[in-house]
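Structural overview for review
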Amino acid sequence: MYAITGAMGQTGSAVASHLLAAGVSIRLIVRSDDARAALWRARGADIVVADLTDTARLAQAFDGVAGAYLMNPPNYMASDMFIEASRVHQSLVAAATHAAVPHVVALSSVGAHQPAGTGNIGTTWDFEQKLIGMKSRLTVLRAANFMENWAWSLQPVLTQGVLPTMFLPPDRPFPTVAARDIGTTAAQLLLEPADAHRLIELHGPQDYSPQDAGRAFGKLLNKHVTTVAADEVGWADVFRGQGFPEITARAFCEMFHGFNDGTVVFESNHETRRGSTTLSDALAACLPPGTA
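Report on the accompanying structure.

So, how was this worked out
- The numbering scheme is per chain: residues are counted from 1 as the chain's sequence reads.
- The predicted nature of this model means local features are confined to residues of pLDDT at least 70 and side-chain atom pairs, given and counted, to a pLDDT of 80 or more, with totals for whole chains, interfaces and linings taken over all residues.
- The side-chain quantities take in all heavy atoms of the structure and omit both hydrogens and water.
- Runs of H or I in DSSP of at least four residues are treated as helices and runs of E of at least two as strands, each being numbered from the N terminus.
- We call two residues contacting when some pair of their heavy atoms lies within 4.5 Å.
- Points on a 1 Å grid over protein atoms alone make up a cavity when a 1.4 Å probe fits among them but cannot get out, and a pocket when they form an open set with protein on both sides within 12 Å along at least five of seven lines; lining residues each have an atom within 4 Å of a point.
- Grid points are joined across faces, edges and corners, and a volume is the space filled by probe spheres set on the points.
- Throughout this entry, Asp, Glu, Lys and Arg are counted as charged residues, while Ala, Val, Leu, Ile, Met, Phe, Trp, Tyr, Cys and Pro are counted as nonpolar. The remaining residues, Gly among them, count as polar.
- When a residue's accessible area, from a 1.4 Å probe over protein chains only, is under 20% of the maximum for its type it is buried; when over 50% it is exposed; and in between it is partly exposed.
- Any two strands between which DSSP finds at least two bridges are classified as paired.
- Crossover handedness is defined by viewing with both strands directed away from the observer: a clockwise path from the first strand over the helix to the second marks the crossover as right-handed.
- Pairing of aromatic side chains requires ring centres within 6.5 Å, counting the rings of Phe and Tyr and the six-membered ring of Trp. Pairs whose planes differ by under 30 degrees are stacked, by over 60 edge-to-face, and all others tilted.
- As a rule, the C-alpha atoms of each element are fitted with a line to give its axis, helices using only the stretch in contact, and angles between N-to-C directions run from 0 to 180 degrees.
- Note that the term roughly parallel is reserved for angles under 35 degrees, roughly antiparallel for angles over 145, roughly perpendicular for angles of 65 to 115, and oblique for everything else.
- By convention, the crossing between two helices is left-handed when the near helix turns anticlockwise from the far helix through less than a right angle, and right-handed when the turn is clockwise.
- Charge counting treats Lys and Arg as positive and Asp and Glu as negative, with His and both chain ends excluded.
- Every case where a carboxyl oxygen of Asp or Glu lies within 4 Å of a side-chain nitrogen of Lys or Arg is listed as a salt bridge.
- Polar contacts here mean pairs of N or O atoms no more than 3.5 Å apart (in protein, one a potential hydrogen donor and the other a potential acceptor; neighbouring residues in sequence count only if both atoms are side-chain atoms).

Focus on the environment of Pro-245
Inspection of the secondary structure assignment puts Pro-245 in the loop between helix 9 (235-241) and helix 10 (246-261). Linking Pro-245 and Tyr-76, residues 169 residues apart in sequence, is a C-alpha distance of 7.7 Å. Contact partners of Pro-245, with chain neighbours within four places excluded, come to Tyr-76, Met-77, Ala-78 and Ser-79.

So, the layout of surface pockets
Looking at the second largest pocket, its volume works out to about 300 Å³. Around the second largest pocket, the lining comprises 16 residues; the ones closest to its centre are Trp-152, Ser-153, Met-166, Val-238 and Gln-242. Elements that contribute at least two residues to the lining of the second largest pocket include exactly helix 9 and helix 10. Within the lining of the second largest pocket, the residues separate by chemical class into 13 nonpolar, three polar and no charged.

What about the pairing of strand 2 (residues 26-30)?
Remark: a regular strand shows side chains that alternate across the two faces of the sheet. Across the five residues that make up strand 2, a large majority, five, are buried. Alternating positions in strand 2 separate into two faces, Ile-26, Leu-28 and Val-30 on one and Arg-27 and Ile-29 on the other, with burial throughout. Across three bridges, the pairing between strand 1 (residues 2-4) and strand 2 is parallel. Considered in strand 2, the bridge of Tyr-2 is made with Ile-26. Taking the sense of rotation as the criterion, the β-α-β connection linking strand 1, helix 1 (residues 10-21) and strand 2 turns out right-handed. For strand 2 and strand 3 (residues 46-49), the ladder comprises four bridges, and the chain directions are parallel.

Side note on the packing of aromatic side chains
According to the stated counting rule, one finds eight aromatic pairs in the structure shown. Here the aromatic rings of Tyr-76 and Phe-252 are separated by 5.0 Å at their centres, their planes lie at 40°, and the arrangement is tilted. Of the two residues, Tyr-76 is situated in the loop between strand 4 (67-70) and helix 4 (81-98) and Phe-252 in helix 10; the sequence distance between them amounts to 176 residues. Judged by its relative accessible area of 24%, Tyr-76 falls in the partly exposed class.

Focus on the packing of helix 1 against helix 7 (residues 179-191)
Close contact between helix 1 and helix 7 brings their axes to 7 Å; oriented N to C, the two are set at 50°. Classed by the angle they form, the pair helix 1 and helix 7 counts as oblique. The crossing of helix 1 and helix 7 is right-handed. The segment helix 1 lies against helix 7, with Gln-10, Thr-11, Ala-14, Val-15, His-18 and Leu-19 engaging Ala-179, Arg-180, Ile-182, Gly-183, Thr-184, Ala-186, Ala-187, Gln-188, Leu-190 and Leu-191. Taken together, the residues that form the contact of helix 1 with helix 7 break down as nine nonpolar, six polar and one charged.

A closer look at the pairing of strand 4
Side chains of strand 4 alternate between two faces, with Gly-67 and Tyr-69 and Ala-68 and Leu-70 buried alike. Note: strand 1 against strand 4, three bridges, orientation parallel. Residue pairing across strands places Ile-4 opposite Tyr-69, the latter belonging to strand 4. Of the pairings in the sheet, the one linking strand 4 to strand 5 (residues 103-109) comprises three bridges and is parallel in character. Paired with Tyr-69 across the two strands is Val-105, which belongs to strand 5. For the crossover from strand 4 across helix 4 to strand 5, the handedness is right-handed.

Examining the side chain of Glu-201
Inspection of the secondary structure assignment puts Glu-201 in strand 10 (residues 198-203). Buried charge Glu-201 goes without a salt bridge, the closest partner of opposite sign being Arg-142 at 4.2 Å. Polar side-chain contacts of Glu-201 include one of 3.1 Å to the backbone nitrogen of Ser-268.

Okay, here's the thing in structure tokens:
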């Protein structure tokens with residue numbers, strides 16, 4: 001039995017699917033026992049409802065498992081996303097420790113070795129710091145930027161043929177990886193635990209630039225798509241305009257600065273793996289039905 005947090009998200013659902021396909025039993029830790037949970041139950045999953053800050057309930061969910069996939073997507077709408085993330089990380093680690101989970105695979109991020117200058121990625125630095133003291137065998141999976149994040153800019157692509165570059169230089173390649181490859185890799189690591197702690201850096205099959213994303217969207221939609229970089233002066237206003245609290249808006253800006261100035265990079269002195277999903281395939285899965 002393997003426990004999976006974030007099971008309704010992009011990576012957690014991929015972990016769950018891969019483990020089920022491998023013929024092992026899974027326990028999904030979910031926020032509510034809703035229709036999506038019912039579908040997983042029909043596929044054979046055990047469902048446990050637990051808030052990630054409820055350490056006692058989490059420890060019960062982790063009891064007796066052979067391994068656990070731990071991840072915590074930042075709550076961008078929290079008044080302070082960093083304080084909120086730290087609370088969840090503390091609870092996850094305490095629960096897994098109390099339940100004596102033999103092996104933990106924890107999702108982290110490119111740039112998580114940096115204590116500052118990385119914006120949102122600072123939440124994964126905090127996670128890694130809290131994981132250090134665990135007695136479980138620990139595998140930290142630092143993943144590149146999600147390919148699926150380009151879907152944040154899908155509306156102007158569909159309506160105007162314009163892809164905002166998320167403040168990145170249009171022609172500069174950077175590491176990205178598909179969520180499905182993150183989940184598949186995490187599942188493989190759960191099934192093949194090492195004898196000691198390890199850290200894996202996960203890339204996609206190659207680095208891609210914003211222009212590559214624009215060309216991929218263009219081919220999928222059979223239209224010309226122009227990549228356009230945003231003016232740095234208005235960066236924070238873009239995020240404020242989407243309703244994000246001030247601390248989150250500043251964090252997004254700092255993260256993109258980190259990508260641009262080389263702060264958000266892989267250390268490149270750990271084991272490296274690569275996913276197989278191309279950028280085009282990942283973006284195709286993001287398109288509304290009937291658009292491609």
